[in-house]
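Fold and contact review
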Amino acid sequence: AATVYLHYFAGNMDWYILERDVEGEQLQAFGYADLGHGPELGYISLAELLENGIELDLYFHPQPWSDVKKKKEAA
């Protein structure tokens, strides 16, 4: 089962990180992005998130992808 390790957010937009680069700079990740007009899985530029002031959820704890998906679908 996949695990969500990080959560970034801005307003009603969310990015859930399942995997990140492990060598050198961490420039991209694979995860779930919900920008308010249809969520999708794909590659996410971490540099772009940070450049645009997207906040890291410091209170988020790693959890199974299935739990995150259920919460998002129920919202």
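A brief structural summary.

1. Quick notes on the pairing of strand β3 (residues 13-20)
- The pairing of strand β2 (residues 6-10) with β3 spans 5 bridges and is antiparallel. Opposite L6, over in β3, you have I17 as the bridge partner.
- Hairpin geometry of β2 and β3 is characterised by an intervening segment of 2 residues between the two adjacent antiparallel strands and by a positive phi of about 55 degrees at G11.
- One ladder, built from 6 bridges, connects β3 with strand β4 (residues 28-34); its direction is antiparallel. Looking at β4, one finds that E19 is bridged to F30.

2. Regarding the environment of A2
- Turning to its location among the elements, A2 is positioned in the segment before β1 (3-4).
- What makes A2 partly exposed here is its relative accessible area of 40%.
- Beyond its immediate chain neighbours, meaning those up to four positions away, A2 contacts L18, P64 and W65.

Criteria and cut-off values
Residues numbered from 1 in each chain as written. Predicted model: local features only at pLDDT ≥ 70, side-chain atom pairs only at ≥ 80, totals over all residues. Heavy atoms only, no water. Pairing = 2+ DSSP bridges. Helix = DSSP H or I, 4+ residues; strand = E, 2+ residues; numbered from the N terminus. Buried < 20%, exposed > 50% of the residue type's maximum accessible area, 1.4 Å probe, protein only. Contact = heavy atoms within 4.5 Å.

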